[in-house]
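Observations on the model geometry
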Amino acid sequence: MKIGQKPELPAALAQTGLAKPAKSPASPAEGAVKDAVAASTAGVPVTVSNAARALDQTSRTTADFDAGKVKAVRTAIEKGTFSVDAEAIADKMLSNAQEILARSRG
């Protein structure tokens, strides 16, 4: 961001301290109504894509994580027996980097 230029991203606003804290609505439907009202009073039409709706927390399945595995890892950390496989982490980092490069090239 250049000096004197307004930030374009909400993250940039958060870094500068200009962003207002977001309040989470009681339900997704209530949030949609509030967004529609806010958009109509501001004069700016707002639409939410299907991709954005798919990211909604309430639409996630309970299989997003394995609670048993989380508990086992937490217990191992508390006991001091948890060990990190540095080779597996390095392999995954390289794989992710290759994927990102492949996407950026075409």
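Definitions and limits used
- Residues numbered from 1 in each chain as written.
- Predicted model: local features only at pLDDT ≥ 70, side-chain atom pairs only at ≥ 80, totals over all residues.
- Heavy atoms only, no water.
- Helix = DSSP H or I, 4+ residues; strand = E, 2+ residues; numbered from the N terminus.
- Buried < 20%, exposed > 50% of the residue type's maximum accessible area, 1.4 Å probe, protein only.
- Areas by Shrake-Rupley, 256 points an atom, 1.4 Å probe, with all protein chains shown as cover.
- Salt bridge = Lys/Arg side-chain N within 4 Å of Asp/Glu carboxyl O.
- Expected span 1.5 Å × (residues − 1).
- Polar contact = N/O pair within 3.5 Å; in protein donor to acceptor, adjacent residues only side chain to side chain.
- pLDDT = per-residue confidence, 0-100.
- Patch = residues over 30% accessible without salt bridge, like charges linked within 9 Å, V, L, I, M, F, W, Y side chains within 5 Å.

1. Some points on the overall build of the chain
Scanning the chain from N- to C-terminus turns up 5 helices and 0 strands. Starting at the N terminus, the α and β elements of the chain follow one another as α-α-α-α-α. In the chain, which comprises 106 residues, the proportion classed as buried is 4%. When the accessible surface of the chain is totalled, it reaches about 9800 Å², and 60% of it is carbon and sulfur.

2. Here we look at the pattern of salt bridges
For the coordinates displayed, the defined rule picks out 1 salt bridge. Note that Arg-103 is salt-bridged to Glu-99, the shortest N-O span being 2.5 Å. Highlighted residues: Arg-103 and Glu-99, both in helix α5 (residues 86–105), separated by 4 residues, approximately one helical turn. Exposure remark for Arg-103: the relative accessible area of 64% places this residue in the exposed category. You can call Glu-99 partly exposed: its relative accessible area is 37%.

3. Re helix α4 (residues 67–79)
It helps to recall that an α-helix has 3.6 residues per turn; residues three or four apart then point in one direction. Over its 13 residues, α4 extends 18 Å from the first C-alpha to the last, a length consistent with the 18 Å expected when each residue adds 1.5 Å. Sitting at the amino-terminal end of α4 is Asp-66, which places a side-chain oxygen 3.1 Å from the backbone nitrogen of Gly-68. Immediately beyond the C-terminal end of α4, within one or two residues, lies Gly-80, with a positive phi of roughly 80°.

4. As for the confidence of the model for the chain
On average, residues of the chain carry a pLDDT of 75, and 54% of them reach 70 or more. For the chain, helix α1 (residues 10–16) is the element with the lowest average pLDDT, namely 54, and α5 is the one with the highest, namely 95.

5. Re a nonpolar patch on the surface
A cluster of nonpolar side chains, Ile-77, Phe-82, Val-84, Ile-89 and Met-93, forms an exposed patch at the surface whose accessible area comes to about 510 Å². Relative to the elements of secondary structure, Ile-77 occurs in helix α4.

6. Some words on α5
For α5, with 20 residues, the first-to-last C-alpha span of 29 Å sits near the 28 Å given by 1.5 Å per residue. The buried count for α5 comes to 0 of 20 residues, which makes it a mostly uncovered element.

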